[in-house]
Every structure is written in structure tokens, then in C-alpha cells.
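Listed here are the chains, written in short residue letters.
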Amino acid sequence: MSNTNNIHPIFDRLLQKEDREKRLGQKAKVLWLTGLSGSGKSTIAQALERKLYNEGFFPQVLDGDNIRIGINNNLGFSIEDRKENIRRIAEVAKLYLNSGIITLNSFISPTKEIRSFAKNIIGDENFIEIFVNTPLEICEKRDVKGLYKKARAGEIKGFTGIDSPYEEPDNPDLEIRTENLTVEESADKIFDYILPIIRI
Ligand code: ADP
């Protein structure tokens, strides 16, 4: 149990999220992209970030790899470390959220428990779950980082989709089936969905 007795949050004396949203001309949200490795989360997040920016919004991508080499570089892939990884990511996303920013998170986040943990930190009303649904065979065929090959060869243990489960979301806010879509079409689908939500 951490000792928080002597910490006095000063959030009520600071500028509020609404002040910053007004300045930025948008409603801040956290878009939580979940899906298998290679499903397209990072690529879509990058395309969507650019599109949002070009349309006058103020977005920020948080990506698995840049987080793991930075703030989470002391974490591995044990159950506890995976949970701590997501906890920190969700807390960072929450800071961005309160800064009025539209955050695009692309993390496998393989279990319902881990996603609901993140959602609890961020808050229901600001958490938009987007399931990037690409069949395992296609992710494996793409094998962008050569990780499936290594996992099949037994060089990586506990790889999501191979020897560690991926639990599909029951009720995502949006599902993107990338199989027959281009990256632009995938990003556009998300953009069209969130536009009424982020527009002031
Ligand atoms: P993830 O972040 O989910 O691990 P990546 O974005 O790194 O996945 O890799 C997805 C790969 O699939 C990229 O090489 C991308 O160009 C390709 N791809 C093909 N079609 C699509 C699509 N419709 N949406 C997203 N990515 C696609």
C-alpha cells in the first residue's frame, strides 16, 4: 500500500480540462485501440493523428513501443509487469485527457480485465474502445516485426494470439475490420465516428 496521506492534490486550483478544451476547440477523449500484434493499431493511429491534426484538432499518439523504451523501460512481460505497464499508460493518457488532448492509444491490451482496469482509471465517459479486428492469419502473414515467426519457433514465450490469449471485446464502441480496408479507410472510419464526439 503506498502512503498517500501527505499528498494533497491541487487540481481544483488549476485550470480545468474544460478551459483547455475551449482553447483547443475540441472535446478531449482517449481512443483505446485494442487488437492483435500486427492488426494495424499503430499504423491506423498514426494516420488518424495526421488526419485529426489536418482537420484542426490537437491529437497525441501513445504507442506501445515508445512507452516501453521510455517511461516503462523497467517493465517486462510478467502478469504484474503487464498490468503495471497498462496502469502507467492509462495514467499518462489521463494526464493528456485533462490537458484537453485527444489521445490515441495503441496497445494490444489483450484481456477484458486489463481494458476495464484502464477504463476505470480514465473514466467511462472519456474512454472510447476501438477493436482493430484483423484475423490472426493475416496478422501473422503481415508479420511486420517478425515476432510471429519467433513466437512460432518458441523464441518468444507468451505471445498474444499464439500461446497467450486475446479476448475480443464484447461491446466495443467501434470495430474496424482491416482485412479489406486500406489504412486510410480504416482511419477515416474512426474519424467519422469520433467527429461528433470531439467537436465542440
Ligand atoms: P499493431 O500496431 O497492431 O501491432 P502495425 O500497425 O504495427 O500493427 O502493423 C500493421 C501492418 O498492417 C502495417 O504494416 C500496415 O501497413 C498493414 N496494413 C494493411 N492494411 C491495413 C489496414 N487496413 N489498417 C491498418 N494496417 C494495415
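Reading the values: rules and limits
Residues take numbers from 1 onward in each chain, read along the sequence in its written order. It should be noted that, the model being predicted, local features are given only for residues of pLDDT at least 70 and side-chain atom pairs only at 80 or more, the latter also being counted only at that level, while totals for whole chains, interfaces and linings use all residues. For the side-chain quantities, the full set of heavy atoms in the structure was used; hydrogens and water were omitted. For two strands to be treated as a pair, DSSP must find at least two bridges joining them. A run of H or I in DSSP becomes a helix once it reaches four residues, and a run of E becomes a strand once it reaches two; helices and strands are each numbered from the N terminus. Geometry is summarised by axes, namely lines fitted to C-alpha atoms with helices restricted to the contacting stretch, and by angles between N-to-C directions that run from 0 to 180 degrees. We define the nonpolar core as a collection of buried residues of types Ala, Val, Leu, Ile, Met, Phe, Trp, Tyr and Cys that are connected through side-chain atoms lying within 4.5 Å of one another. Buried means the residue's accessible area, taken with a 1.4 Å probe over protein chains only, is under 20% of the maximum for its type, while exposed means over 50%, and partly exposed covers the values in between. In what follows, a contact means two residues having at least one pair of non-hydrogen atoms within 4.5 Å. Between 30 and 60 degrees the pair is tilted, below 30 it is stacked and above 60 it is edge-to-face, where a pair is any two Phe, Tyr or Trp rings, Trp via its six-membered ring, whose centres lie within 6.5 Å. Every helix has an expected span of 1.5 Å times one less than the residues it contains. Counting rule applied: Lys, Arg positive; Asp, Glu negative; His and chain ends not counted. Definition used for salt bridges: Asp or Glu carboxyl oxygen within 4 Å of a side-chain nitrogen of Lys or Arg. Within 3.5 Å is the distance limit for a polar contact, defined as a pair of N or O atoms, with the added protein rule that one can donate a hydrogen and the other accept it, and that residues adjacent in sequence qualify only through two side-chain atoms. When we say a residue is near a molecule or strand, we mean one of its heavy atoms is within 4 Å of it. To measure how exposed things are, a 1.4 Å probe is used in the Shrake-Rupley method; for residues, cover is taken only from the protein chains shown. Note that Gly is not counted as nonpolar here; it falls among the polar residues with everything else outside the nonpolar set of Ala, Val, Leu, Ile, Met, Phe, Trp, Tyr, Cys and Pro and the charged set of Asp, Glu, Lys and Arg.

**Side note on the sheet that holds strand β5 (residues 174-177)**
Taking strand neighbours across the sheet as the criterion, the five strands line up as β2-β3-β1-β4-β5 in an open arrangement whose pairing is parallel. The open sheet has two edge strands with one neighbour each: β2 (59-63) and β5. Along the sheet, successive strands turn relative to each other by an average axial angle of 20°, direction set aside. By the bridge criterion, four bridges tie strand β4 (residues 127-133) to β5 in an arrangement that is parallel. Bridged to Asn133 within β5 is Arg177.

**As for the nonpolar core**
Among soluble globular proteins, nonpolar side chains are generally buried collectively. Formed by 21 residues in total, the largest nonpolar core has its most connected members in Leu31, Leu48, Leu52, Leu104, Ile130 and Ile190. If you list the elements that add at least two residues to this core, you get β1 (30-34), α2 (41-54), β3 (102-106), β4, β5 and α8 (183-198). If we skip the residues at most four places from it in the chain, Ile190 touches Leu31, Ile44, Leu48, Ile130, Leu174 and Ile176. In terms of nonpolar packing, the next biggest core, distinct from the first, is built from 17 residues, Ala28, Val30, Ile114 and Ala118 among them.

**A short note on the packing of aromatic side chains**
As enumerated under the stated definition, the model contains four aromatic pairs in all. A ring pair is formed by Trp32 and Phe107, whose centres lie 6.0 Å apart and whose planes are at 40°; its orientation type is tilted. Highlighted residues: Trp32 in strand β1 and Phe107 in the loop between β3 and α5 (112-122), separated in sequence by 75 residues. For Phe107, a relative accessible area of 6% corresponds to the buried category.

**Description of α2**
In a regular helix each residue adds 1.5 Å, so 14 residues correspond to 20 Å; α2 covers 20 Å between its end C-alpha atoms and thus fits that length. Turning to α2, the residues buried within the fold contact β1, β2, β3, β4 and α8. Residue Gly56 follows α2 closely and has a positive phi angle near 95°.

**Things to note about unusual backbone geometry**
Even without being a glycine, Ser109 presents a positive backbone phi close to 35°. Of note, Ser109 is situated in the loop between β3 and α5. By relative accessible area, which is 3% here, Ser109 ends up buried. Positive phi, close to 30°, is recorded for Asp143, a residue that is not glycine. Accessibility expressed as a relative area gives 17% for Asp143, which makes it buried.

**Comments concerning the side chain of Asp143**
Structurally, Asp143 can be placed in the loop between α6 (136-142) and α7 (147-152). No salt bridge forms around the buried Asp143; measuring N to O, its nearest opposite-charge neighbour Lys149 is 7.2 Å away. Among the polar contacts listed, one links the side chain of Asp143 to the backbone nitrogen of Leu147, at a separation of 3.0 Å. If near-sequence neighbours (up to four positions away) are discounted, Asp143 is found in contact with Tyr148 and Lys149.

**Overview of the site of the ligand**
The ligand sits among 16 residues. The nearest are Gly38, Lys41, Ser42, Thr43 and Leu181. A distance of 3.4 Å separates an oxygen atom of the ligand from a polar atom in the backbone of Leu36. In this structure, an oxygen atom belonging to the ligand sits 2.6 Å away from a side-chain N or O atom of Ser42. Within the complex, the protein chains bury 80% of what would otherwise be the 570 Å² of accessible surface of the ligand. Per element, the largest residue contribution to the shell around the ligand is four residues, and it comes from α2. Residues that form the shell around the ligand fall into these classes: five nonpolar, nine polar and two charged.

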